[in-house]
Structure formats: C-alpha cells, structure tokens
Amino acid sequence: MAPPLFNWGVKDTHRGTPVVVKMENPNWSMVELEGPEEDDLMTPTSPTGVSRDKGKGRGKNAKQLTWVLLLKAHRAAGCLTSLAPALWGLVAAVKRRVAAGKTDADTDGGRELENPTVKTRFYFCIKVFLWLSVFLLFFEVAAYFKGWHFVAARIQLEHFLWVPAFGLKDFFVWFYARWVFVRVEYLAPPLQFLTNACIVLFLIQSVDRLALCLGCFWIRFKKIKPVPKSGDAIVDLESGESKGFSFFPMVLVQIPMCNEKEVYQQSIGAVCNLDWPKGKLLIQVLDDSDDPTTQLLIKQEVHKWQQEGANILYRHRVIRDGYKAGNLKSAMNCSYVKDYEFVAIFDADFQPTPDFLKKTVIHFKDNDELGLVQARWSFVNKDENLLTRLQYINLSFHFEVEQQVNGVFLNFFGFNGTAGVWRIKALEESGGWLERTTVEDMDIAVRAHLYGWKFIFLNDVECQCEIPESYEAYRKQQHRWHSGPMQLFRLCLPDIIQSKISVWKKFNMIFLFFLLRKLILPFYSFTLFCIILPMTMFVPEAELPAWVVCYIPAAMSFLNILPAPKSFPFIVPYLLFENTMSVTKFNAMISGLFQLGSAYEWVVTKKSGRSSEGDLVSLIEKGPRLQRGSSAPDLEEIKEELKRQEEKTSKKKKKHNRIYMKELALAFLLLTASARSLLSAQGIHFYFLLFQGISFLLVGLDLIGEQVD
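The present account deals with the structure reproduced in this document. Every value quoted in this text rests on a predicted model; they were computed, and no experiment measured them.

A few points about the overall build of the protein chain
Logical step 1: Assigned secondary structure in the protein chain consists of 20 helices and nine strands.
Logical step 2: Burial status across the protein chain gives 49% buried among its 709 residues.
Logical step 3: Approximately 35,400 Å² of the protein chain is accessible, and the part contributed by carbon and sulfur atoms is 61%.

Here it is in structure tokens:
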C-alpha cells in the first residue's frame, strides 16, 4: 500500500467504496460508512426550489463529509510526521560531517604542493563577498521597514544628501542615501556591463548547444553512421574470411592501471576474451601500482590467463613519471611494438565486448587517413545514486551529441582516453604520448588532427565502465578534466595558428573546441549564476532578466536531457547541480590557464568495482568457449583474499565525508541573496536563489553520493 503522501490527489475509481474508521478507546462503536459521492455532497432541490429529503439526506451527507475530512486530516498529519525523521536524519548527517573535521582544505591528493597563498585566495574573495552581503542584508532590511523598498528611483537622493544631525536616525538616513548614490553612480554601471557580457556569452553557448542538438537530430533523421569502406564488417573468426576478404591485422591492447584492485579482474578478463586470432593480438597490462598487494594480485591474474593460452604481458614501473601518459609512452617504446599496426586502450574499469575489435578495426581497412576509432561508453552503475544519475545525463549528451556530431561533420573530436583504437603510425607521426598536461588523450588528438588524421566515433559500439559514486572522486576527476584543456590550449595555440589546416578547422578548434566549451562555459556559469545574480539583489540598479535566470537555462537543460529521456524527472536537480559544479570547474579552469599549483594534480579516480564480481560470474556461465580463459577455479579464493584485505583495511580506516568550504560559503551567500530577493518581491529570482543555495548547501556538506575512504 502506498504511503499517505502518494495517495494525495489520486482519484478514486470506485464510487461509494466502503470506508472503515477505527478509533482507539471510542465512545461509540466502529462505524462503516459509504464514501460520499459527488451527488451526495450536493443538496438536491426540486424545480420549485424546495429541498428534497431535507432531514435525512442532509444529515447523512454532513456526517459523511465530516468523516472524510477527518480522514484527509489524518493523512496530512501522517505526512507531516514523516518530515520529522527526515529532518532529524539531515541534522544527524550534518553533525557527522562537522564531527569528522575533514574539509577540502586538508592535504590530500598532492595538493600539499600547492602554494598556500594561491590556495586560499579564492576562499578569501568568497568569504569577503559573503560577509559584505550579510551586512548589506541587515542594513537594507532596516531600510525596507522605513518604506524605501530597495529601488533607487523611488528615493529622492537630493533630499538625503545633506549633512546629518547628531541623531542616530538622521545618520542612518544620510548613510543609506550615500549607499544608494554609490550604487547608482559607481557599482551598477560596471556590474551591468559584466552582466551583459555574460549574457552574450551565455547566448552564444546556448546557440552552440542548439546547433549540436540539431546536428544530432539530422543524424538520426537521415540515419547517418560510419560505414567501413570495405563493405561488410562481419567476419568469420575461424576462417578469417568473409565475402572474399580477410582483415585481421596485428593489434596491441594496453590496460593502464594504478592501485585499482577493485576492477583489475574485469578488464583483464574482458580483454582476454576478445574475438581475435591469438597470434595477432598482444595484451599489455601496464601497472603503475605502488601497493605490493595490488601488484601481486595483478601478477597472479596475468599468470593465470597466460596458462590459459592468452598472449598477455605484465609491465610495472617503479617510478611513476608522467602518470598515464608516461605509462603509455614507456610501453610504446618496447621493441616488439613495431610489429603491430593498431593499439587499443582500455582503462582498468572498462570491459569491451568480445566483438569490440571486429566492430572497430574494420573501419581502418582501405581508409589510410583514419587515425582513431572511438567507441561510446556505457555505465554499469548509472542508477546507483543521485550523483551517478546526474553524471549519466552529462555523459549521455557528451557521447550522443557532441562526439557523434563532431565525428560525422568534422572528423575530429577529443579522444576519451579509453575504449578507442589508434593507428600506431598516427601516434608516431603526431609525436607520441607527451607528459606535458593531465589530459594526454586530448593532447594526442589535437596533434593528430593538426597532422591531417581523421577520426570516427561509433555511437552504436559500447564499452562498459563505471562512473564515480562519491562526490570527492567526481570532484577530483572534474578538476583534472577542466584544468588540463587550459594547459593544453596555452601549449597548442601557436601550433594551431601555424598549422596547414583550413581556416574553418582552426576556428573550430580555437573558438568552439577550446574557448567556448572549455573556458567560456565554466566562466559564465560561475560568474553569472553564483556571483552576478546575488550581487544584483543588493545592487538592484543592475538588472538580470528573468529569462536568463529561468527560461533559457530550463530550455538548455531540456536539450541536455534529451539523449537520456528516462532521466527527465531529474531535470531540476541536474540544472542546480551543474551550477554547483561550476565552482570546481571555474577553479580548475583558472588553475590550468595560469599554471597554478593544482593544475598538475593527478588523482586516480576511485572505483567501486560493483560490476567486477558479476562480470566474472557471467564469464563462467556463458559456456565452454568463454570459460576457457575465465578464472573460475580461483574465483572464490580471490574473493576471500579481497574480503580479508577489506577487513584489515576497515580496522585502520573509516569512511568519512568532507566539508567543502567554497560550496558552503556560496550556499550562505545565495541564501542571503534569496532573502534579499524575497523582500523586493522578485519571484523567479527568489526561487532560483533559494533552491540553488540549498543545492550548494547539500554539496558543501557532502550529502550527495557515497562515502569515501
């Protein structure tokens, strides 16, 4: 039976349904009533205006109506009582966060190398703005009760610009008039100019988003998708032939990983079961782990697959220079790599299907200009919690719209770092893997495009992976993804200008790829909705139109959610969360653009490994062919070993959540501005600021996502 909250507003399909009311310690017996019908609630009258059945009907209807109202009141009371446990749980969670004493200012993930002065500058600006806003709120509340209503045009400035007497009231009047004068003459003009500039950037970015969606619609309408030039892509693995041709080139598969014991089995098992001739496939497990236990487990897994006949090697680097880029660069320097034509890359949590190479490598046949084939990601934990659902919306738009449209119309997009196949010749001609940025995948893609190589994105070929389930992991991932492109932009801008590609491609790469989608988007999102909007509440002479606050963002969020239609109920949380994440993205963009200390921070995204066990079991159950390489005999042994390690670790470490100071400061700033907006009767601005402030508060207290170690 549904709880009372969900019964509200549900129309009863049965008329006259019996209702049983039971009272504790009643003074009368249990009464069975007939639910009132629509006709019963009306007093019938005759044509002459005389009421029919005055006594009995009226008494019966009044009695039934009273009981129905009592039932509704009981339901409402039940809903109100359910709010108390929810609020109590929220308060308890807040108390746990505060008691943990962990904040984002604690040294973690290499941030202790950052300059403390630079590190606190951003906090200082937000705190000053917050306290100033709180002061102005109390100041203008007093003015509100004097009837000035916060609008400068209603105040006769010349009446107040006089030397005050010694009384406190006269001094307050004079000071408020001076404040309004400063607002009108000095604060409003530059703020309005900045507001208009951000609105223009917002509209440009919205037009770009609309154009991408129209391009995606055109692709679907025309059913456009990349087709191999060789024709039929279905081949027979046993004979190696299909309709007169054979295409099984030498393929190198690389699995870079670092301290990822939760997911190493699923990626190794999936890659070892790829449908490709053994003699033409070599798998490199590139381990950068510094944990001896993890190294031992990965070695055992590789040895197990070697005994099953897989052509797989284990490589470990003692010194982790260059992170993932250094790991891939070191592996490509092996002498045997020259015998291979293509290289497929899978991160530790990625699980390609057995026919992955057959669906991707075939596109290289008879297409010598093709340098990269990128597959789409699918997510095993997209419904795990609210955070993963919101990430799924973003990533669905990225692959379904951005990558597909750019691949079809431009033959260029940013390499996603995994689930892709490269022509080794394209990597070598482009300079190979470089360690100069934290986005080595985007770096190699940009350089390959400048050398004339083309890319293909396959939207119908998916590779399973997982997305971060904790806000801490997601935040660090987004910091790297948004600081790296700004580092790369500084380094690649001269090469783009001097390259021999067309002017249109230069414009696309400089303005659309880098400036608009990597710099302007986080800049205006943070500046417009987190800084300018609260400021316009205290400086009402600078106006931010309601359509900028509500209608255009709602339309853009609707476009973003189209590739994931089942996520439509989360459209409002998605809009609020994206604005909340703009703080992290803006901070990362600034650090990458100006080469601050955190720009080179690299933290491996924490994996949960939720899909690992199920995928290994599925490999066992699929049948003899896939079972030949599965680790079935030792599966239980590995599970027990991991459980023992988790028990030992749980005794030493406890899960905790952090308190994020920037988000909390902005939460109180936005809530203060919402109170100011309420006094000035700005409805849309008030609701937006209120809910956005609550969103910042929830994220600042880390009440979204899972806990982290």
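Here we look at the pattern of salt bridges
Logical step 1: All told, the structure shown has 17 salt bridges when counted by the stated rule.
Logical step 2: Asp 208 is paired through a salt bridge with Arg 517; the nearest N and O atoms lie 2.9 Å apart. In this pair, Asp 208 is assigned in helix α4 (residues 168-222) and Arg 517 in helix α13 (residues 503-538), connecting sequence segments 309 residues apart.
Logical step 3: Its relative accessible area of 10% is what places Asp 208 among the buried residues.
Logical step 4: On the basis of relative accessibility, which here comes to 15%, the residue Arg 517 falls in the buried class.
Logical step 5: As a salt-bridge pair, Glu 341 and Arg 423 come within 3.8 Å of each other at their nearest N and O atoms. Of this pair, Glu 341 sits in the loop between α7 (323-332) and β6 (342-345) while Arg 423 sits in strand β8 (residues 420-423); the two residues are 82 residues apart in sequence, bridging distant segments of the chain.

Some points on helix α15 (residues 571-593)
Logical step 1: In this model, α15 (23 residues) spans 31 Å end to end at C-alpha, consistent with the 33 Å of a helix rising 1.5 Å per residue.
Logical step 2: Its maximal kink placed at Ser 582, α15 deviates by approximately 30°.
Logical step 3: Where burial is concerned, most of α15 is hidden: 19 out of the 23 residues are buried.
Logical step 4: Positive phi shows up at Gln 595, right after α15, with a value of about 55°.

Here we look at the environment of Leu 214
Logical step 1: Topologically, Leu 214 is positioned in helix α4.
Logical step 2: Remark: the alpha-carbon pair of Leu 214 and Val 401, spanning 187 residues in sequence, is separated by 9.2 Å.

Notes on helix α20 (residues 683-700)
Logical step 1: Between its first and last C-alpha atoms α20 spans 25 Å; for 18 residues at 1.5 Å apiece the expected length is 26 Å, and the two agree.
Logical step 2: The complete set of buried residues in α20 reads His 685, Phe 686, Phe 688, Leu 689, Gln 692, Gly 693, Ser 695, Phe 696, Val 699 and Gly 700.
Logical step 3: Buried-residue contacts for α20 involve α12 (471-498), α13, α14 (546-561), α15 and α19 (661-679).
Logical step 4: Of the residues one or two after α20, Asp 702 is the one with positive phi, at around 55°.

A closer look at a nonpolar patch on the surface
Logical step 1: A contiguous nonpolar surface patch, about 540 Å² in accessible area, is contributed by Phe 217, Trp 218, Phe 221, Ile 224 and Phe 409.
Logical step 2: With three residues, α4 is the largest single contributor of residues to the nonpolar patch.
Logical step 3: Structurally, Phe 217 is set in helix α4.
Logical step 4: According to the relative accessible area criterion, Phe 217 is exposed, its value standing at 53%.

Comments concerning the side chain of Ser 396
Logical step 1: For Ser 396, the position within the fold is in helix α9 (residues 386-410).
Logical step 2: Beyond its immediate sequence surroundings of up to four residues, Ser 396 is in contact with Arg 376, Val 401, Pro 563 and Ala 564.

Considering the sheet that holds strand β4 (residues 281-287)
Logical step 1: The mixed open sheet is built from seven strands, whose spatial order is β5-β4-β3-β6-β8-β7-β9. Strands at the two margins of the open sheet, each flanked by one partner only, are β5 (312-316) and β9 (454-465). Averaged over all adjacent pairs, the angle separating strand axes in this sheet is 20°, with direction ignored.
Logical step 2: As paired strands, strand β7 (residues 370-379) and β9 are joined by nine bridges and run parallel to one another. Along β9, the bridge assignment pairs Leu 372 with Phe 455.

Reading the values: the criteria
- Residues numbered from 1 in each chain as written.
- Predicted model: local features only at pLDDT ≥ 70, side-chain atom pairs only at ≥ 80, totals over all residues.
- Heavy atoms only, no water.
- Helix = DSSP H or I, 4+ residues; strand = E, 2+ residues; numbered from the N terminus.
- Buried < 20%, exposed > 50% of the residue type's maximum accessible area, 1.4 Å probe, protein only.
- Areas by Shrake-Rupley, 256 points an atom, 1.4 Å probe, with all protein chains shown as cover.
- Salt bridge = Lys/Arg side-chain N within 4 Å of Asp/Glu carboxyl O.
- Expected span 1.5 Å × (residues − 1).
- Bend = angle between axes of the 7 residues up to and from the residue.
- Contact = heavy atoms within 4.5 Å.
- Patch = residues over 30% accessible without salt bridge, like charges linked within 9 Å, V, L, I, M, F, W, Y side chains within 5 Å.
- Pairing = 2+ DSSP bridges.
- Axes fitted to C-alpha atoms, helices over the stretch in contact; angles between N-to-C directions.

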